[in-house]
Amino acid sequence: MQTIILLSLLFLLAVFSSLLYLKNKNSRVDKLNKGECPECHEKTKTFFDEKTRTTFTMEVISAKLLKNHGCTGINEIEYVCKNCGLKEVYTQ
């Protein structure tokens, strides 16, 4: 009986920890897609010039396509933060 309880607790722990890992990974990708660094929390800066009435944006995150695996495959994208130097590669 104790073995069954222990095994069920370990199974639930494994399931919840994997779900927590996937949630954290997806939230990091969402932040990177929005232009915010998950490490240093820098965001895209916008400046407005009154004389020329032009809006300038300074992107903090740059995205680079590493591999494109065809029309039905996945894309590997590298995100680089210009402020802290964070480099992460995700598949989408």
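Here, every reference points to the structure presented above.
Here we summarise the structure given alongside this text.

Conventions we followed
Residues numbered from 1 in each chain as written. Predicted model: local features only at pLDDT ≥ 70, side-chain atom pairs only at ≥ 80, totals over all residues. Heavy atoms only, no water. Helix = DSSP H or I, 4+ residues; strand = E, 2+ residues; numbered from the N terminus. Expected span 1.5 Å × (residues − 1). Salt bridge = Lys/Arg side-chain N within 4 Å of Asp/Glu carboxyl O. Buried < 20%, exposed > 50% of the residue type's maximum accessible area, 1.4 Å probe, protein only.

1. Focus: helix α1 (residues 2-34)
And step 1. The end-to-end C-alpha separation of α1 is 48 Å, in line with the 48 Å expected for 33 residues at 1.5 Å each.
And step 2. Among the residues trailing α1, G35 stands out with phi positive, at a value near 95°.

2. Describing the pattern of salt bridges
Pairing between side chains of opposite charge can happen when their charged atoms approach one another.
And step 1. Within the structure shown, the criterion is met by three salt bridges.
And step 2. Residue R28 pairs with E39 through a salt bridge whose shortest N-O separation is 3.2 Å. Here the residue R28 occupies a position in helix α1, and E39 occupies one in the loop between α1 and β1 (45-49), the gap between them amounting to eleven residues.
And step 3. You can call R28 partly exposed: its relative accessible area is 22%.
And step 4. Residue E39 is classed as partly exposed on the basis of its relative accessible area, which comes to 47%.
And step 5. Taking the shortest distance from any N to any O, the salt bridge between E42 and K45 comes out at 3.8 Å.
And step 6. The partly exposed category is assigned to E42, whose relative accessible area is 25%.
And step 7. The class of K45 is partly exposed, set by a relative accessible area of 37%.

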